[in-house]
Amino acid sequence: MGAVFAMPACAASMACCFGSAACSLCCNVCPSTRNSTTTRIMYSLMLLVGTLTSCFLLSHWLQNALAKDGWLCTITHTGELCEAIIGYQAVYRVCLGMAAFFFIFMILMLGVRSSRDARAQIQNGFWFFKYLLLGLLVFGFFQITDKTLATPMMWIGMIGAFVFILIQLVLIVDFAHGIAENWVRNYEDSESKWCFAGLIFFTFGCYALSVFGVIMLFIVYTSLLVFLENSSFPSI
């Protein structure tokens, strides 16, 4: 009987993985969501899996295990160049595969403005094939055993991270300004004590966190020997 009730959920999952149907929450208790929302969640999970995989590959015990057993070198046919795909080199290849995957979909989705577009079905469904494509891309980049791949990837990562931080700063400042302006307006209109308390709490709380962060930077990254050199960065 349980299998009979589970058949609709399984059918929906199969349609999501192998067809153009968008993923949906399988539980009736869960609220209904739009296709765009579930698609964002699925892509976020994909990014989360890639991030956790990268962190896992950076662990020292895993690097030692891979270097000792050599099964990864056998699969990727790298031979004596196995150390080139372990540790941060492996992270570069995983991230490069993810970047190539999202670049391909960026090209495919150019000009798509709504879910009614035929290409939107590719965007919302076929998740099994998407993960398969991502895995093949990562595996393909693992076949590149040249150690010089790390240098361009390092520069691309640094530039991309810098641009990402700038964008996040703009979004955070805009978000904080919008919230503060809304609370000030509500306080002036209705003299709400909650809005006033929220402004005071978050204002002084953020200042306290900033001061605490600067102090921790001085404690962790500076010393008497290299104080002048390292202290310039937290001071900025």
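Keep in mind that what you see is a predicted model, and the values were worked out from it rather than measured.

Let's shift gears to the UniProt feature "transmembrane region" (unreviewed entry) in the protein. Under the local residue numbering, the UniProt record ascribes the feature "transmembrane region" (unreviewed entry) to residues 6-29, 41-62, 90-112, 124-142, 154-173 and 194-227. When the span residues 90-112 is considered, its composition is 83% helix and 0% strand, and the gap between its end C-alpha atoms is 34 Å. Each end of residues 124-142 is marked by a C-alpha atom, and these two atoms are 28 Å apart; helix forms 89% of the span and strand 0%.

According to the stated counting rule, one finds nine aromatic pairs in the structure shown. With centroids separated by 4.7 Å and ring planes inclined at 65°, the aromatic side chains of Y43 and W127 adopt a geometry described as edge-to-face. One end of the pair, Y43, is in helix α2 (residues 35-57); the other, W127, is in helix α7 (residues 127-142), with 84 residues separating them in the sequence. W127 matches Y43 in its accessibility class, with the two residues each being buried. With 5.2 Å between their ring centres and 85° between their planes, F201 and F202 make a pair best called edge-to-face.

Among the secondary structure elements, K130 is positioned in helix α7. Not counting chain neighbours up to four residues away, the residues in contact with K130 comprise Y43, M46, F101, F105, I122, Q123, N124 and G125.

For the protein, per-residue confidence averages 75 on the pLDDT scale, and 70% of positions sit at 70 or higher. pLDDT under 50 marks residues 1-13. Its contacts with residues more than four places away, or in other chains, come to two contacts. With pLDDT under 50 throughout, residues 25-32 is counted as low confidence; its partners more than four residues away or in other chains account for five contacts.

How each quantity is defined
- Residues numbered from 1 in each chain as written.
- Predicted model: local features only at pLDDT ≥ 70, side-chain atom pairs only at ≥ 80, totals over all residues.
- Heavy atoms only, no water.
- UniProt positions renumbered as here; feature names shortened; annotations may be inferred.
- Helix = DSSP H or I, 4+ residues; strand = E, 2+ residues; numbered from the N terminus.
- Phe/Tyr/Trp six-rings, centres within 6.5 Å; stacked < 30°, edge-to-face > 60°.
- Buried < 20%, exposed > 50% of the residue type's maximum accessible area, 1.4 Å probe, protein only.
- Contact = heavy atoms within 4.5 Å.
- pLDDT = per-residue confidence, 0-100.

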